[in-house]
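Spelled out from the first residue to the last, the chains are:
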Amino acid sequence: MRIVIFDYNIEGHHFTYVNLISQALHENGHDIVVMTPCKDFNKYPLNGKERTLIIPIYNTPPLPKKWNFFTTRNYVINLWKYTANELKVVNIDVQNDIVFFPSIDEYISAYIPLYLVKKHFKYKWTGLYVKSRYIRIKQSFAFLRKGFFNINYLLNSNNCINIAVLDSGIINELTARFPSKKITFLPDIISEELPDTSFSEFQEIVNLAMGRKIILLIGAIDKRKGILNLLKSAKSLDATKYFFVIAGRIYNETFTAKEQFDLEALKLEIKNSFFYTQKIATESQFNAFITLSDIVFAAYVDFPYSSNMIGKSAFYNKPIIVSKGYLMQEIVEKYNLGIAVNQNNIKEIAYTIETLSISKDKRFYNEYLEDYSWSKFCNNIKIMIDDYK
């Protein structure tokens, strides 16, 4: 069986899962085709391996100038069309080959009839539903959003052979909604590239911190990452004991005008801080930032999904702060990896930073890493595909 791993997006977790999924499928004996816009073949671990073909994508569907109900619907339809057109170069066997989307999230929307997708996309497909929408959080007027009107309706397609999720806690709910599909849990594993500490900012942070506890917020920094809450909590903490590092591009457009003003004011006010406000170039540099930290801050706002920040913090033995109420709290408390806080309680966040900075609690990092291991990932991928065969 030949499997095509396809993703237009190579930002953040997208490219991580392109590589992890393609490697796991390859280890399970499948012929692999990898298709993304990334033209640097050195970034693919399977480059040069037998039973592997890497094909860059040159044409990507245009993004809407403004997102709303109509433009989103049209974009998703175009996404299926564009993808089908790109796949023509592979000469897929419609009966036997499978297209695997490392993130099927972008291909899912309401108000699109099944026949329309099948008209444009005739191939069998499966994928990882990274942020399964409106499962843990109920959509407004959910009782009216049935069938065709439901955001996840396209998962009913008979060309969709099954679905993988990062959240084991929603499998029963998804199975009830889509009884004809096999729902497979894939552990949210991480890329373990050796930390690259050669960039100048690494040593600069070490020098500025001067032995203080480093609290790290890292990644694509938008409003939901809780940066405002973290910086407000920093104001009440002893600047001689704590040092705050914000690493990653800040997406100002996700903040209101007032929030942007507040953010700029906090950046100037909090002297015990360092802002690395550009995209982190490599996974190795990302890992280097984690090694710098004493506490990882991941108390994201209204975020019910999985995050590999838990895996990163566990791998490098760093306690983590997450928000109460969702999957990340369940994982952190199961393995005692850190503390869950009320996401907008500034005093609680500050108190938690103080608590973790002196805590001697036993944390079950190894147990977590065993349950969220490469071997488990590969085995579950095998089960996922074998169930189809």
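The coordinates are above.
Residues numbered from 1 in each chain as written. Predicted model: local features only at pLDDT ≥ 70, side-chain atom pairs only at ≥ 80, totals over all residues. Heavy atoms only, no water.

Student: Residue-level account of the packing of aromatic side chains, with values.
Tutor: Inspection of every chain in the model, using the stated rule, returns 27 aromatic pairs. Plain terms: the ring middles of Tyr335 and Tyr368 are 5.4 Å apart, the flat faces sit at 85° to each other, and that makes the pair edge-to-face. Taken together, the residues span a long stretch of sequence, with Tyr335 in helix α10 (residues 327-335) and Tyr368 in helix α12 (residues 365-371) at a distance of 33 residues. Take Tyr368: its relative accessible area is 2%, and that puts it in the buried class. Put simply, the rings of Phe6, Tyr8, Trp80, Phe101, Tyr107, Phe121, Tyr123 and Trp125 pair up and form one aromatic cluster. Over the ring of Phe275 we find Lys267, and its NZ or CZ is 5.4 Å from the ring centre. (Phe/Tyr/Trp six-rings, centres within 6.5 Å; stacked < 30°, edge-to-face > 60°. Helix = DSSP H or I, 4+ residues; strand = E, 2+ residues; numbered from the N terminus. Buried < 20%, exposed > 50% of the residue type's maximum accessible area, 1.4 Å probe, protein only. Lys NZ or Arg CZ within 6 Å of the ring centre and 35° of its normal.)

Student: Just give me the short version of the packing of helix α6 (residues 227-235) against helix α7 (residues 257-269), but keep the residues and values in it.
Tutor: Following both chains from N to C, one finds α6 and α7 inclined at 40°, their axes separated by 10 Å at the closest point. α7 is crossed by α6, and the crossing has left-handed handedness. Listed contacts from α7 to Ile227, Leu228, Leu231, Lys232 and Lys235 of α6 are Glu259, Asp262, Leu263, Leu266 and Glu269. (Axes fitted to C-alpha atoms, helices over the stretch in contact; angles between N-to-C directions. Left-handed = near helix turned anticlockwise from the far one by under 90°. Contact = heavy atoms within 4.5 Å.)

Student: Before we move on, can you summarise the pattern of salt bridges with the specific residues and values?
Tutor: The full count for this structure, using the stated rule, is 14 salt bridges. Here Lys267 ties to Glu264 by a salt bridge, and the two come within 3.5 Å at their closest N and O atoms. In this pair, Lys267 and Glu264 both sit in helix α7, 3 residues apart, roughly one turn of the helix. (Salt bridge = Lys/Arg side-chain N within 4 Å of Asp/Glu carboxyl O.)

Student: Would you mind going over the sheet that holds strand β11 (residues 295-298) in detail, with residue names and values included?
Tutor: The parallel open sheet is built from 6 strands, whose spatial order is β10-β9-β8-β11-β12-β13. This sheet does not close on itself; its edge strands, each paired only once, are β10 (273-276) and β13 (338-341). Going from strand to strand, the sheet's axes swing by 20° on average, the running direction of each strand aside. In this structure, strand β12 (residues 320-323) lies alongside β13, joined through 4 bridges in parallel fashion. Across the sheet, Ile320 pairs through a bridge with Gly338, a residue of β13. (Pairing = 2+ DSSP bridges.)

Student: Account for the packing of α6 against helix α11 (residues 346-358), with residues named and values stated.
Tutor: Where α6 contacts α11, the axes come no closer than 8 Å and their chain directions differ by 70°. Classed by the angle they form, the pair α6 and α11 counts as roughly perpendicular. Taken as a pair, α6 and α11 cross one another with a handedness that is right-handed. In this structure, α6 contributes Asn229, Leu230, Lys232 and Ser233 to the contact, and α11 contributes Ile346, Ile349, Ala350 and Ile353. Across the contact of α6 with α11, the residue classes tally to 5 nonpolar, 2 polar and 1 charged. (Parallel < 35°, antiparallel > 145°, perpendicular 65-115°, else oblique. Nonpolar A, V, L, I, M, F, W, Y, C, P; charged D, E, K, R; others polar.)

Student: Account for a positive patch on the surface, with residues named and values stated.
Tutor: Together, Lys81, Lys118, Lys119 and Lys122 make up a positively charged patch on the protein surface. Note on placement: Lys118 falls in helix α3 (residues 114-120). Overall, the relative accessible area of 38% leaves Lys118 in the partly exposed class. (Patch = residues over 30% accessible without salt bridge, like charges linked within 9 Å, V, L, I, M, F, W, Y side chains within 5 Å. Areas by Shrake-Rupley, 256 points an atom, 1.4 Å probe, with all protein chains shown as cover. Lys, Arg positive; Asp, Glu negative; His and termini not counted. Charge placed at Lys NZ, Arg CZ, Asp CG, Glu CD.)

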